[in-house]
Amino acid sequence: MYDYVDGKSDWMAYGLPVEGQSGPFAGGVVTAAATCRVEETVAQVRATVGATRDAVVVVDATGLVLGLLSPEALAGPGEDQVLDVMAVVPSTVRPSVEVSSLVSSEAERVLVTSSDGRLIGQVVTADLSSGPPHDHAAEGPPHDHAAEDAQMDALFEETMSIVRERFGDSDPSPEELRALLRERLIAAGRTPEQADQFLTEMDDDEESS
Amino acid sequence: MFQSIGREQARKLLDGGAQVVEVLEENQYRQAHLPGAIHIPAWELSRARAGELDSSRPVVVYCFDTA
């Protein structure tokens, strides 16, 4: 038996594949980012990356992100040292971040690193498909759970008053109580199917409590 | 007895056909789990549930993090 002590958060922080309902995750949509080293000159970086208009990520030999060389710096004097003109500590995200949270990012591209700061790649936010605009109007009014709860409380109280009226001091059997509640639900506008579903959910709630 | 392992060893074991068990809550398991992981909540770890596993293959158990 083995205990993977760092667990799922560590696994996902490295962009390793997962299964389940969440996602997609940043780790699944990363693209390669141009990189350079601090000891290079701007001219050397230009020669390597070509005519890119994107920022170049400054990394060390292990891939640790040290900074970002902006397009303006890249277009500057060739003898400039990357170390002198780079922006330090760029913001990054982990590969376990859901893509949906990056869609609204103001940044054109977001760097993705492992939890120990090593570059995995970048996510170009403009490339993220947010799908067609969601039509809230087509959904109708939002579901008002508070109002429904209040309605059910009132219905239950009404049912209990009928119980007291019909049964007096004697307790109704669960079946009688259930039948009465079903009757009241239907009288209140529920279909028989909805009433049965409600009673089933009520049974489930009681079992789990 | 459990042997503590890191990510790389976990990957190797998974690649080699080890069984993986997530011990978190159902909701967390449904959201995301390691490929092929089965779900046995920590509070359900018992001989009976252990019987669902193939004793001839390694088993890797994981939680959310080190906490």
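Residues numbered from 1 in each chain as written. Chains lettered and ligands numbered in written order. Predicted model: local features only at pLDDT ≥ 70, side-chain atom pairs only at ≥ 80, totals over all residues.

Asks: Which residues make up the interface of chain B and chain A, and what are the values?
Replies: Counting residues at the interface gives 24 residues for chain B and 20 residues for chain A. Elements that contribute at least two residues to the side of chain B that touches chain A include exactly β1 (3-5), α1 (7-15), α2 (26-31) and β4 (59-62) of chain B. For the side of chain B that touches chain A, the leading source of residues is β4 of chain B, giving four residues. Of the residues contributing to the side of chain B that touches chain A, the split by class is 15 nonpolar, six polar and three charged. (Contact = placed C-beta atoms within 7 Å. Helix = DSSP H or I, 4+ residues; strand = E, 2+ residues; numbered from the N terminus. Nonpolar A, V, L, I, M, F, W, Y, C, P; charged D, E, K, R; others polar.)

Asks: Give a detailed account of the sheet that holds strand β3 (residues 56-59) of chain A, specifying residues and quantitative values.
Replies: Taken in spatial order, the four strands of this open sheet run β2-β3-β4-β5 (chain A), and their pairing is mixed. Two strands close off the open sheet at either side, each with one partner strand: β2 (35-36) and β5 (87-88) of chain A. (Pairing = 2+ DSSP bridges.)

Asks: Residue-level account of the environment of E79 of chain A, with values.
Replies: Residues and elements named next belong to chain A. Checked against the element boundaries, E79 lands in the loop between α3 (71-74) and α4 (82-85). Each C-alpha atom, one on E79 and one on V42, is 6.2 Å from the other, the two residues being 37 residues apart in sequence. If near-sequence neighbours (up to four positions away) are discounted, E79 is found in contact with T41 and A43.

Asks: Tell me about the pairing of strand β2 (residues 19-22) of chain B, residues and numbers included.
Replies: All names here are of chain B. As defined by bridge partners, β2 adjoins β4 across four bridges and the pair is classed as parallel. Residue pairing for β4: V21 is matched across the bridge by V61. The sheet contact formed by β2 and strand β3 (residues 38-39) spans two bridges and is parallel. By the bridge assignment for β3, V21 is matched with I38. Since β2 and β3 lie parallel, the crossover through α2 that links them has a hand, and here it is right-handed. (Right-handed = clockwise from strand over helix to strand, strands pointing away.)

Asks: I'd like a rundown of the confidence of the model for chain A, residues and numbers included.
Replies: All names here are of chain A. Looking at chain A as a whole, its pLDDT mean stands at 77, while 67% of the residues score no less than 70. Mean pLDDT values for the elements of chain A range from 60 in helix α5 (residues 145-167) up to 96 in β2. A low-confidence stretch, residues 131-145 stays under pLDDT 50, and its non-local contacts, those more than four residues away or across chains, total zero contacts. (pLDDT = per-residue confidence, 0-100.)

Asks: Explain the sheet that holds β3 of chain B to me, and be specific about the residues and the numbers.
Replies: With parallel pairing, the five strands of this open sheet are ordered in space as β1(B)-β1(A)-β4(B)-β2(B)-β3(B). Edge positions in the sheet fall to β1 and β3 of chain B, since each of these pairs with one other strand and no more. As defined by bridge partners, strand β1 (residues 2-4) of chain A adjoins β4 of chain B across three bridges and the pair is classed as parallel. Directly across from Y4 of chain A, in β4 of chain B, lies its bridge partner Y62 of chain B. Across the face of the sheet, α1 of chain B comes into contact with β1 of chain A together with β1, β2 and β4 of chain B while running at roughly 135° to β4 of chain B. (Axes fitted to C-alpha atoms, helices over the stretch in contact; angles between N-to-C directions.)

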